[in-house]
Amino acid sequence: MENILQEIGLENYVYLSALLFCVGAFGVLYRRNAIVMFMSIEIMLNAVNLLLVAFSTYHQDAQGQVFVFFSMAVAAAEVAVGLAILVAVYRNLTNIDIDNLKNLKG
Amino acid sequence: MDTNLALLLLFAPFAGFLFNVFFGKKLSRNAAGTLGTVAVAVSFGVTLSFFLQVVNTGEPIMVNLFEWMRLANFSVDFGFQLDQLSLLWLMFVTGIGTLIHMYSISYMHDDENIHKFFAYLNLFVFFMITLVMGSNLLIMFIGWEGVGLCSYLLIGFWYKNQEYNDAAKKAFIMNRIGDLGFLIGIFIIGYLFHSLDYVQIKTAIDNGWTLDPTWLSIAALCLFIGACGKSAQIPLYTWLPDAMAGPTPVSALIHAATMVTAGIFMITRMNFLFNLTPDVQSIIAIVGAVTALVAASIGLVQNDIKKVLAYSTVSQLGLMFLALGLGVYEIAVFHVITHAFFKACLFLGSGSVIHALHGEQDMRNMGGLRKVMKITFATFLISTLAISGLPPFSGFFSKDEILMTAYHQNPVLWVIGSVASIMTAFYMFRLLYLTFYKDFRGTEEQKHHLHESPSLITIPLIVLAILALVGGAISLPGNSWLNHYLAPIMAKPAHHHELDSTTYMLMGIAVAGALVGIGIAYFKYIKNGAVPAPDGKQTGIVKVLYNKYYVDEIYMAIIVKPIYAIGSFFKNITEAAISGFIYGLGWVANMLSAEGKTIQNGSVGFYLFVFVAGICSIIGYIFLVK
C-alpha cells in the first residue's frame, strides 16, 4: 500500500481536524474548570497536528511530520508549566475555577 | 627627537593635571603643589632648550603629528610650530608659570582644595602651551577655548561665594562672545585660503594671491573681536576686573601675564594678514588707545588693591593693542614681555600683602607695611617704577617705543597714550603709598599678625623684580635684540627709531609725565595724608569713575535686560503653545484610557472569548472578504 490517503480521502482529515478544533475552542470558551480548559487546548493543538501530518503525507514530504514532533515536545513542556501553575493556584484557592483568578488583576 | 621633546613640553602639565585630579586628595598639601610646580618646570626646561636651539640656528622647529581632517581640497594637520614667536611666548608662559606655581604652594597652603587648584593651574598651562604651539588656527582655537575654561574654573575657585561664581560666569560668557568672532574669522580664512596653516597662509599672501579685500577685512575684524574678548578690550573688557575674584596667583598668571596676552599673540601670529587690512589696523589702534585711557581713568579711584591692578592690566593691554594697530608687532611683543614681568610681580606682591592681612584687599585699611614687609615692598617698588615708565626699568623702554611710534604715525593717539601713562604713574604710586607708607589703618588684631611672607612667596617676587628691572635690555632703543630675533616671523621689517633729538625729546616728555603723576600722588597721599572716601561718600567725577562709568549698569540695561525680556516673551509662547499642545495630548489619552481600561476586567473567560472571536474575525476577513 503506497499511500493511506487512497483509502480515506484527504478531505476527511480536514473535516475531522476542523471538528476537533471547534470542540476544543468551545471547550475553552464554555468550561470554567482549568484542567478541562487545558485538555481543550490540547485537543485544538492535536487537531492542528493531525492536519499537518495529513498534508505531509499528501505532499509526500516528511518535513510536516518532523514539525509535529517538535510541536508535541513544546506542548508537553507547556503542559508541565501549566499544570505547575494550576497546582499553585489550587494550593491557594482550594479550587481551580478560572473565575477566581480575577483576583490576579492588578 | 624634537617630536618627543615637543610632546613632553606639551603633556608634562597635562600629566600633572591628571595626577592631581585623580590622586591629589591622597597626597599631602605640599606634595600636590610640588608636583604641579615640577610639571611646569619640566615644560620650562624643554622650552629653554628649544629656545637656545632656535636662537642659535634661526630655523623654526616644525613638528607634524598627523592629518587631523580632510575635506575635498581642504585639510587640517595636527602639528606644532616652534618658531621665534611661539618659543618666546612659551618662555614666559612656562617660566612665570613655574614661579607662580611655586608661589601658590605657600599661598594656597591652607585651602582645603589645594590639589584641585594645582590641577586647574596645570590644565591652564597645558592649554596655553597648546594655544601657543599649534601650527594652525584650529589648534590655537582648542587652546583658546581651553584657557577660557580654566579661567572660568579658577575665577570661581572659591565656589561657595555666589559673587565669585557670577564673576566666573561673566568672564566665560564675555569670552564666548569674542570666541564666536574668532571662530567666524577662522571660517572665513579657511574659505579664502583653503588652509588654516600659518605657513601656508603666509605663503599664499607672499605669492600674491588675489583676495577679496572685503572678506579679508571681515576676517581680520572677526579675529580682532576674538582678541578683544580674550585680551579684555572695549567693549568686552568688563570681565577682567571682576575676574579678580579668583585667588591672587590666578590673577597674576592668567589675568595679567599669560592668558590675556593670547589676543596679542594671535594678532602678531597673523601679522601678514593684518598688514593687508589697514582699516582694521586703525580700528585696533583706536580701540587700544581708548581702552588704555578709559581703564586707566577708572584705575585712578579704585580702592581694592587687586582692582587697581586689574584696570592697570586692561590699560596696559590697550597700549599693546595700540602698538599692534600701528603695525609695530615686535614692540607689542616687547611690552607683553616686560608687562608679564612687572605685572606678575605686582600681583604676587599684592597677594603677599593680602596674605599678611588675612584676606584684606581694601587699601583704605592698609598702610605702613614697608616696615614689616621689606622684601615685598622692595620688589613692589621696583615693579611700580617699571610700570610707571621710569628709566632704567623695563617698562620705560617698551612703553616709550609704543608712544614714540604713535607720535610718528598719529599724534592724537600719542596724546591719549601719554595721558594714560601719566594716569598709570599716578594710580600705581597711589597704590604704593596707600599700602606701604604712613601708618597702618587696619584693626589691632591684623596689626598684631603682620609678618613678611615665607621664602616660597618672596623668591618668585625677587626673581620677577629682577626681570622687571633688567627686562628692557632685550630691546634697547637703537640696538634691539628682540627686533632682530623676531624678524623671521614678521612680514615687514621692524621699524627702527633713530636716536635723534625727537626721540630724546619724547623720552623726556614721557619721563616728565610719569614724574608729574608720581608727584601728584606724593602730594595727595604722603604730604596731605589723604585716604580715599568710604563707599557711598564719593562725589562728582570720582563717583562716576569709582562706579566704572556705570558700564556694567549700561550693559545690564541695553543688553542683558532686553535679552531677558525676549526670553520671558518666548517662554510665555512656549508655555502656551507647545506645552499646551503636549498637555492636551496627555489629556486626550487619559480620557480614552479611562474608558478603555474597563475592558481589562480580569475575567479569563472573557479574555478567551475575545481571543477566539478575534481569531475568527481575522480568518473570516481573510477567507470571506479577500
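Parameters and conventions
Residue indices begin from 1 for each chain and proceed along its sequence in written order. As they are written, the chains are lettered A onward and the ligands numbered 1 onward, keeping that order. Only residues with pLDDT of 70 or above have their local features reported here, since the model is predicted, and side-chain atom pairs are shown and tallied only from 80 upward, although totals for entire chains, interfaces and linings are computed over all residues. Secondary structure elements follow DSSP: runs of H or I of four or more residues count as helices, runs of E of two or more count as strands, with numbering from the N terminus. For the exposure call, what matters is how many other C-beta atoms sit within 10 Å of a residue's own: 20 or more marks it buried, 12 or fewer exposed, and in between partly exposed, using C-beta atoms placed from the backbone. Two residues form a contact once the distance between their C-beta atoms, set from the backbone, is within 7 Å. C-alpha atoms define the radius of gyration, and 2.2 Å times the number of residues to the power 0.38 defines the globule rule. A set of buried residues drawn from Ala, Val, Leu, Ile, Met, Phe, Trp, Tyr and Cys, joined through C-beta atoms within 7 Å, is what defines a nonpolar core. An automatic or database domain assignment supplies the start and end points of every domain. As a rule, the C-alpha atoms of each element are fitted with a line to give its axis, helices using only the stretch in contact, and angles between N-to-C directions run from 0 to 180 degrees. To sort the angles, those under 35 degrees are grouped as roughly parallel, those over 145 as roughly antiparallel, those from 65 to 115 as roughly perpendicular, and the leftovers as oblique. Two helices crossing with the near one rotated counterclockwise from the far one by less than a right angle form a left-handed crossing, whereas a clockwise rotation gives a right-handed crossing. Side-chain classes follow a simple rule in which Ala, Val, Leu, Ile, Met, Phe, Trp, Tyr, Cys and Pro form the nonpolar group, Asp, Glu, Lys and Arg form the charged group, and the remainder, Gly included, forms the polar group. Working rule for helices: expected span equals 1.5 Å times residues minus one. The criterion for strand pairing is that DSSP finds at least two bridges linking the strands in question.

For the rest of this paragraph, the subject is the overall build of chain B. The number of helices and strands found in chain B is 25 helices and four strands. Taken over the C-alpha atoms alone, chain B extends approximately 115 × 70 × 50 Å along its principal axes. A buried classification covers 50% of the 626 residues belonging to chain B. When contacts within chain B are restricted to residue pairs at least 6 apart in sequence, long-range pairs at least 24 apart make up 80% of them.

Now for the overall build of chain A. For chain A, the count of helices and strands is three helices and zero strands. Its helices and strands taken in sequence order, chain A reads α-α-α from the N to the C terminus. Over its C-alpha atoms chain A spans a radius of gyration of 18 Å, topping by over 25% the 13 Å that the globule rule assigns to 106 residues. Each of the three principal axes of chain A carries a C-alpha extent, and together these read 55 × 25 × 25 Å. Within chain A, the proportion of its 106 residues that are buried is 10%. Put simply, 46% of the contacts in chain A that link residues at least 6 apart link residues at least 24 apart.

With that settled, the discussion passes to the nonpolar core. Core analysis: the largest hydrophobic core is formed by 199 residues, its most contacted members being Phe124, Leu322, Ala344 and Ala468 of chain B. With 17 residues, helix α15 (residues 329–356) of chain B is the single largest residue contributor to this core. In terms of domain composition, this core takes at least three residues from each of domain 1 (1–135) and domain 2 (161–533) of chain B. If near-sequence neighbours (up to four positions away) are discounted, Ala344 of chain B is found in contact with Ile96, Ile100, Ala252, Ala256, Ala257 and Leu464 of chain B. By size, the runner-up hydrophobic cluster in this structure holds five residues, among which are Ala25, Ala34, Met37 and Ile98 of chain A.

Along the polypeptide, Met244 of chain B turns up in the loop between α9 (239–242) and α10 (248–257). When neighbours within four sequence positions are excluded, Met244 of chain B is seen to be in contact with Ser251, Lys306, Lys307 and Ala310 of chain B.

Okay, the packing of α15 of chain B against helix α20 (residues 455–470) of chain B next. All names here are of chain B. It is at 8 Å that the axes of α15 and α20 come closest, and there the two elements cross at 150°. By the angle class used here, α15 and α20 are roughly antiparallel. For the crossing formed where α15 meets α20, the hand is left-handed. From α15, Phe341, Phe342, Ala344, Cys345, Leu348, Gly349 and Ser352 reach across to α20, where they touch Ile457, Pro460, Leu461, Leu464, Ala465, Leu467 and Ala468. Looking at the contact of α15 with α20 residue by residue, the class counts come to 12 nonpolar, two polar and no charged.

Between chain A and chain B, the residue contacts involve 10 residues of the former and seven residues of the latter. Looking at side-chain class alone, the side of chain A that touches chain B contains six nonpolar, no polar and four charged residues.

Once the domains are mapped, chain B shows domain 1 (1–135), domain 2 (161–533) and domain 3 (554–625). On a C-alpha basis, the centres of domain 2 of chain B and domain 3 of chain B stand 61 Å from each other.

Note on helix geometry: an α-helix contains 3.6 residues per turn, so any two residues three or four positions apart are oriented the same way. Residue and element names in this part refer to chain A. Given a rise of 1.5 Å per residue, 25 residues ought to cover 36 Å, and the 36 Å separating the end C-alpha atoms of helix α2 (residues 34–58) matches this to within 8%. All buried positions along α2 are accounted for by Ala34, Met37, Ser40, Ala47, Asn49 and Ala54. Of the surrounding secondary structure, the elements contacted by the buried residues of α2 are α1 (10–30) and α3 (63–93). Just beyond α2, the residue with positive phi is Gln60, at close to 55°.

So, on to unusual backbone geometry. At the junction of Ile234 of chain B and Pro235 of chain B, the peptide bond is cis and its omega measures out at 5° in the coordinates. Looking at the element boundaries, Pro235 of chain B is found in the loop between α8 (213–230) and α9. Backbone torsion omega between Pro391 of chain B and Pro392 of chain B reads 5°, so that peptide bond is classified as cis. The phi torsion at Thr94 of chain A lies on the positive side, around 60°, for a residue other than glycine. You can see Thr94 of chain A is positioned in the segment after α3. Assessed through the 8 C-beta atoms surrounding it within 10 Å, Thr94 of chain A is described here as exposed. One non-glycine residue, His358 of chain B, lies in the positive phi region at around 55°. Position of His358 of chain B relative to the elements: it lies in the loop between α15 and α16 (374–388).

For strand β1 (residues 61–71) of chain B and strand β2 (residues 74–82) of chain B, the ladder comprises nine bridges, and the chain directions are antiparallel. In the sheet register, Glu67 of chain B faces β2 of chain B, and the bridge partner there is Asp77 of chain B.

Turning to the environment of Thr405 of chain B, a few remarks are in order. Residue and element names in this part refer to chain B. Here Thr405 is to be found in helix α17 (residues 394–409). Classification of Thr405 as buried rests on a count of 23 C-beta atoms within 10 Å. Along the primary structure Thr405 and Val470 are separated by 65 residues, whereas in three dimensions their C-alpha atoms are 22 Å apart. Aside from chain neighbours lying at most four places away, what touches Thr405 is Ala323, Leu326, Val328, Ile331 and His495.

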